[in-house]
Amino acid sequence: GRESKLQLVHRHIRAFPDFPKKGILFRDICPILKDPAALTAVIDLFEEHVRKNHQHVELIIGLDARGFLFGPLLAQRLGVGFVLIRKKGKLPGSTVSVAYDLEYGKAEAEIQEDAVAPGQKVLLIDDLLATGGTLYAACELMKKQQAEVLGCMVVIELKELKGIDKLKPHSVFSLVQY
Ligand code: PRP
Ligand code: ADE
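This write-up is about the structure you can find in this document. For clarity, every value in this text was computed on a predicted model and none was experimentally measured.

Conventions we followed
Residues numbered from 1 in each chain as written. Chains lettered and ligands numbered in written order. Predicted model: local features only at pLDDT ≥ 70, side-chain atom pairs only at ≥ 80, totals over all residues. Core = buried A, V, L, I, M, F, W, Y, C linked by C-beta atoms within 7 Å. Buried ≥ 20, exposed ≤ 12 C-beta atoms within 10 Å, placed from the backbone. Helix = DSSP H or I, 4+ residues; strand = E, 2+ residues; numbered from the N terminus. Contact = placed C-beta atoms within 7 Å. Expected span 1.5 Å × (residues − 1).

Here we take up the nonpolar core. Core analysis: the biggest nonpolar cluster contains 49 residues, and Val 42, Ile 61, Val 122, Leu 123, Leu 124, Ala 138 and Val 155 have the highest contact counts within it. When residues of this core are traced back to their parent elements, those giving at least two are helix H3 (36-53), strand S3 (59-63), helix H4 (67-78), strand S4 (81-87), strand S6 (105-112), strand S7 (121-129), helix H5 (133-144) and strand S8 (148-157). Once residues lying within four places of it in the same chain are set aside, the contact partners of Val 42 are Val 9, Ile 32, Phe 70, Val 155 and Leu 175.

The structure is reproduced here in structure tokens:
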């Protein structure tokens, strides 16, 4: 059931103090990927959420780099396409970009100009929500592309950083909260 899947996911997240900088408690999802049952549980839980709340989704948009680990699996389950938002300078052709701050640094997010059509219904996916800087930048890119953001999905939410507030009015669905 849902509870046992959530417990399985929870048991496959590790914490590393002072990585990548002093004062950051890094939540590591690598054990999830190493365990097929835990990875299946993550995708099952995301799929259930989407089928219940966002039946009309047309594209899953994954964030560089750890959103790429879960996004394509979910998109394939749902029978919809997957699109990448990458760190600047990695995508060929015409692109749009947005600069942002994250819990431990700065970056620039970029998408191919023709990746999403105006009015398309999309869901954003990443491994973790911290300050929300990354997902906020992704929402800005979606606005530039005139996409309709149905919501955001993450494996982990770090509640004390209040990323949810930054992303309003968009909803954030998470599996595990700290
Ligand atoms: C991490 C994480 C999220 C983001 C969350 O990625 O995977 O994308 O930070 O932080 P925020 O909510 O404060 O923006 P990172 O930029 O470290 O890149 P990586 O996926 O390449 O490791
Ligand atoms: N991205 C931003 N903050 C993070 C954290 N504490 N652990 C893992 N990834 C992160």
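The next thing to look at is H5. Taking 1.5 Å as the rise per residue, H5 with 12 residues should run 16 Å; its terminal C-alpha atoms sit 17 Å apart, in good agreement. Buried within H5 we find Gly 133, Thr 134, Leu 135, Tyr 136, Ala 137, Ala 138, Cys 139, Leu 141 and Met 142. Just past H5, the residue Gln 146 takes up positive phi, approximately 55 degrees.

Going from Phe 19 to Pro 20, the amide bond is cis rather than trans, its omega being -5 degrees. Note that the residue after Lys 168, namely Pro 169, is joined by a cis bond; omega there is 10 degrees. Looking at where Pro 169 falls in the secondary structure, it is placed in the loop between helix H6 (163-167) and strand S9 (172-177). Phi is positive for Gln 146, close to 55 degrees, though the residue is something other than glycine. The topology assignment puts Gln 146 in the loop between H5 and S8. Despite not being glycine, Lys 162 has its phi angle at roughly 55 degrees, a positive value. Assignment of secondary structure puts Lys 162 in the loop between S8 and H6.

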